Amino acid sequence: MSNDFRLGGDLPIGRLGFGAMRLPTHSFHGPARDRETGRAVLRRAVELGVNHIDTAAFYTSGDGSVRANDLIREALHPYPDDLVIATKVGPLRTPDGGLEATTDPGALRALVEENLDTLGVDRLDLVYLRIGGIEPPPHGESVAARFEALAALREEGLIRHLGLSHVDAGHLAEARAIAPVAAVQNHFHTDGRDDSEVLARCEEAGIAYVPYFPLGGGLSDIGGDRIAKVAERHGATVPQIALARLLASSPVTLAIPGTGSPAHLEENTAAGSITLTAEDLADLN
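How each quantity is defined
Residues numbered from 1 in each chain as written. Predicted model: local features only at pLDDT ≥ 70, side-chain atom pairs only at ≥ 80, totals over all residues. Heavy atoms only, no water. Helix = DSSP H or I, 4+ residues; strand = E, 2+ residues; numbered from the N terminus. Buried < 20%, exposed > 50% of the residue type's maximum accessible area, 1.4 Å probe, protein only. Core = buried A, V, L, I, M, F, W, Y, C linked by side-chain atoms within 4.5 Å. Contact = heavy atoms within 4.5 Å. Pairing = 2+ DSSP bridges. Right-handed = clockwise from strand over helix to strand, strands pointing away. Phe/Tyr/Trp six-rings, centres within 6.5 Å; stacked < 30°, edge-to-face > 60°. Lys NZ or Arg CZ within 6 Å of the ring centre and 35° of its normal.

### Some points on unusual backbone geometry
Cis rather than trans, the peptide bond between His 77 and Pro 78 has omega equal to 0°. Inspection of the secondary structure puts Pro 78 in the loop between helix H2 (68–76) and strand S5 (84–89). Positive phi values are uncommon outside glycine, yet His 166 reaches one of about 65°. Mapped onto the elements, His 166 comes out in the loop between strand S9 (159–165) and helix H5 (169–176). What makes His 166 buried here is its relative accessible area of 3%.

### Brief notes about the nonpolar core
The biggest cluster of nonpolar side chains holds 79 residues, and the ones touching the most others in it are Leu 7, Phe 18, Leu 42, Ile 72, Leu 150 and Val 184. Filtering out sequence-adjacent residues up to four positions away, Leu 42 remains in contact with Phe 18, Leu 23, Ile 53, Leu 71, Ile 72, Ala 75 and Leu 76. The next biggest cluster of nonpolar side chains, apart from the first, holds nine residues, and it includes Val 230, Ile 241, Ile 274 and Leu 284.

### Some words on the environment of Ala 255
Take Ala 255: it is sitting in the loop between helix H8 (238–248) and helix H9 (262–270). For Ala 255, a relative accessible area of 0% gives the class buried. For the pair formed by Ala 255 and Pro 105, sequence separation is 150 residues and the distance between their alpha carbons is 29 Å. Those residues in contact with Ala 255, other than ones at most four positions away along the chain, are Arg 15, Leu 16, Gly 17, Leu 243, Leu 246 and Leu 247.

### What about the pairing of S5?
Taking burial as the measure, the six residues of S5 include six buried ones, the bulk of the element. In S5, alternate side chains face the same way, and those of Val 84, Ala 86 and Lys 88 on one face and Ile 85, Thr 87 and Val 89 on the other are all buried. Summarising the sheet, strand S4 (residues 52–54) and S5 pair through three bridges and their orientation is parallel. What sits directly across from Asp 54, in S5, is Ala 86. Handedness of the crossover is the feature at issue here: the chain leaves S4, passes through H2, returns alongside S5, and the resulting connection is right-handed. Looking at chain direction, S5 and strand S8 (residues 124–130) are connected through four bridges and run parallel. By the bridge assignment, Ala 86 is partnered in S8 with Leu 126.

### Considerations on the packing of aromatic side chains
Going through the model one piece at a time under the given rule, you end up with two aromatic pairs. Arranged with centres 5.3 Å apart and planes meeting at 85°, the rings of Phe 58 and Tyr 59 form a pair that is edge-to-face. Under the relative-accessibility criterion, Phe 58 is labelled buried at 9%. Owing to a relative accessible area of 7%, Tyr 59 belongs among the buried residues under this scheme. Where Phe 188 meets Tyr 209, the ring centres are 5.4 Å apart and the plane angle is 85°; that geometry is what we call edge-to-face. Placement of the pair is Phe 188 in the loop between strand S10 (183–185) and helix H6 (196–205) and Tyr 209 in strand S11 (residues 208–209), with a sequence separation of 21 residues. For the pair Phe 188 and Tyr 209, a shared accessibility class is recorded, and that class is buried. Seen from the ring of Tyr 212, Arg 130 lies directly overhead, with NZ or CZ sitting 4.7 Å from the centre.

### A word on the environment of Met 21
Residue position: Met 21 is located in the loop between strand S3 (18–19) and helix H1 (35–47). Taking C-alpha positions, Met 21 is 26 Å from Gly 206, a pair spaced 185 residues apart along the chain.

### Remarks on the sheet that holds S3
On the basis of which strands lie adjacent, the open sheet formed by seven strands has the order S3-S4-S5-S8-S9-S10-S11 and parallel pairing. With partners counted over all chains shown, the strands left at the sheet margins are S3 and S11, one partner each. In terms of strand pairing, S3 meets S4 through two bridges, oriented parallel. Within S4, the position partnered with Gly 19 by the bridge is Asp 54.

This is the structure we're talking about:
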């Protein structure tokens, strides 16, 4: 299994990255976490060889006092030459601290500019168009106008690569007719592999498939006897085997586990050194 992937054909990144959603708070509505701990986690991630960080301007604590993009800039700017930072636009914060997806293409420029400003960069490496929430993707809803708006910003030089998040195969085909799609970020994990059609399309086209909540996100249980058996065989933890299984599922699959804990970061990152055998994979299927 290769540990590297070329995003969009030109950006080499490790297949095990880091998701920044958990840095400001444990949940979207929870209290703020310690800023210095968040910065320490980011610095340690880079020390451990992580060169793909996934974030969003709407990743904030419930009171808005701690923002993931600010922590990334404060901890890592000026950024290492090989660091790829992915962000996403579409959701907007509501007055009560929640999120709602915008269908207005005209709103996307301001969201892209917010990410440029808060991350302190002139061009974003990868911008996902996120549609919908955690519920199943809105089948049949067109993404064309919004993706065209992002494609125009790409032509201006504000974005290097475009992605899609929380989409189905129809959305992917619609977007690819407008501009190249470098990555798809959907809900997928070792015990929730129900996105086979989109993953197959990504494999065919060499598009990165980057699951969010790769360890269940607190919404799904990734435990069970099968994973525990393989974990015991490797002297590993259940989350480590879940991440290794995710990476073994396809050569285009990347993993972006998130955490606000240095110890948890070390555990997640160590999963990249686990090679699952044919026996392991048979036990996990």
